[in-house]
Amino acid sequence: ANPVVAIVGRPNVGKSTLFNRIVGERLAIVEDIPGVTRDRLYSQAEWLGKPFHLIDTGGIDFDDHDELLESIRHQAELAVDEADVIVLVVDGTVGITDQDQDVARMLFRSKKPVVLAVNKIDNPQRLNDVYEFYSLGMGEPMPISGAHATGIGDLLDEIIKHF
Ligand code: GDP
Ligand code: MG
């Protein structure tokens, strides 16, 4: 079976944007069909000839903070169970939040390989915002911009090292 890669993180950090970037053209074709949903949770993907399954764990939004936290935990737990490699996405424009730390702690306990993606690093001026994420204890934070499609290749290189 192909390895499974799960994209994990609190809402609004850019998980679905990254998912769409990695899945690429295949998803664009799907979006052209009227009535086909834009958000997909599972897809096949491939990098440098290595196929894998990609999971976007987001999707449910809650107003209540406790419920939200519980939902993120639950998603992360499911991802940990299923995944061979986990991509933890954080928002470089916001910095580390309690929710980021909560998910990071759980992923750390799982002992599964985690690649840390700091999203919304849209230009080189924002690179300084990446360093604080070292303190999450998830290794080297990798700057990406899902919106501008930068850093995605380096991130995928790192992901497939763990296959
Ligand atoms: P999710 O809730 O984690 O799936 O996040 P989404 O992918 O839905 O993105 C949340 C918001 O962040 C949307 O308004 C996106 O357009 C925006 N966003 C995603 N990636 C980037 C990025 O690289 N840079 C900027 N500036 N905004 C982004
Ligand atoms: Mg999403």
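Nothing here was measured: the structure is a model prediction, and the numbers come from that model.

Caption draft 1: Spotlight on the sheet that holds strand E3 (residues 50-56). In space, the six strands of this open sheet follow the order E2-E3-E1-E4-E5-E6, with mixed pairing throughout. Of all the strands in the sheet, just strand E2 (42-47) and strand E6 (142-143) have a single pairing partner and so form its edges. Of the strand pairs in this sheet, E2 and E3 are connected by six bridges, and their pairing is antiparallel. Note that in E3 the partner of Trp 47 across the bridge is Lys 50. Along the sheet, helix H4 (residues 98-110) makes contact with strand E1 (4-8), strand E4 (85-91) and strand E5 (114-119), crossing E4 at roughly 165°.

Caption draft 2: Spotlight on the pairing of E3. Direction of pairing for E1 relative to E3: parallel, over a ladder of four bridges. Residue pairing across strands places Ala 6 opposite Ile 55, the latter belonging to E3. A loop of two residues connects E2 with E3, the two strands running antiparallel in sequence, and Leu 48 in this loop sits at a positive phi of about 50°.

Caption draft 3: Looking closely at the site of ligand 1. Ligand 1 sits among 14 residues. The nearest are Asn 12, Lys 15, Ser 16, Thr 17 and Asp 122. In this structure, a nitrogen atom belonging to ligand 1 sits 3.0 Å away from a side-chain N or O atom of Asn 119. Take Ser 145: an N or O atom from its side chain is 3.2 Å from an oxygen atom of ligand 1. When the free accessible area of ligand 1 is taken as 580 Å², the share hidden by the protein chains comes to 66%. A total of three residues in the shell around ligand 1 trace back to one element, the largest contributor, which is helix H1 (residues 15-23).

Caption draft 4: Geometry of the environment of Leu 107. Note on placement: Leu 107 falls in helix H4. Classification of Leu 107 as buried rests on a relative accessible area of 1%. Between the C-alpha atom of Leu 107 and that of Ala 79, which follows or precedes it by 28 residues, the distance is 9.5 Å. Ignoring any residue separated from it by four or fewer positions in sequence, one finds Leu 107 in contact with Val 80, Ile 86, Leu 88, Lys 112, Val 114 and Met 138.

Caption draft 5: Seen up close, H1. Among all positions in H1, only Lys 15, Leu 18, Phe 19, Ile 22 and Val 23 are buried. Buried residues in H1, looked at end-on, bunch into an arc of 130°, giving them a common side.

Caption draft 6: Region of interest: the pattern of salt bridges. Tallying each qualifying case throughout the model produces four salt bridges. Note that Lys 120 and Asp 91 form a salt bridge whose closest N and O atoms lie 3.1 Å from each other. One end of the pair, Lys 120, is in the loop between E5 and E6; the other, Asp 91, is in strand E4, with 29 residues separating them in the sequence. Judged by relative accessible area, Lys 120 falls into the partly exposed class, the value being 24%. Note on Asp 91: relative accessible area 4%, which makes it buried. Note that Asp 122 and Arg 126 form a salt bridge whose closest N and O atoms lie 3.2 Å from each other.

Caption draft 7: A look at the pairing of E1. By the criterion of burial, E1 is predominantly enclosed, with five of the five residues buried. Taking every second residue as pointing to the same face, both faces of E1 are buried, with Val 4, Ala 6 and Val 8 on one and Val 5 and Ile 7 on the other. Looking at chain direction, E1 and E4 are connected through four bridges and run parallel. What sits directly across from Ile 7, in E4, is Val 87.

Analysis parameters
Residues numbered from 1 in each chain as written. Chains lettered and ligands numbered in written order. Predicted model: local features only at pLDDT ≥ 70, side-chain atom pairs only at ≥ 80, totals over all residues. Heavy atoms only, no water. Pairing = 2+ DSSP bridges. Helix = DSSP H or I, 4+ residues; strand = E, 2+ residues; numbered from the N terminus. Contact = heavy atoms within 4.5 Å. Axes fitted to C-alpha atoms, helices over the stretch in contact; angles between N-to-C directions. Near = heavy atom within 4 Å. Polar contact = N/O pair within 3.5 Å; in protein donor to acceptor, adjacent residues only side chain to side chain. Areas by Shrake-Rupley, 256 points an atom, 1.4 Å probe, with all protein chains shown as cover. Buried < 20%, exposed > 50% of the residue type's maximum accessible area, 1.4 Å probe, protein only. Arc of directions from axis to C-beta. Salt bridge = Lys/Arg side-chain N within 4 Å of Asp/Glu carboxyl O.

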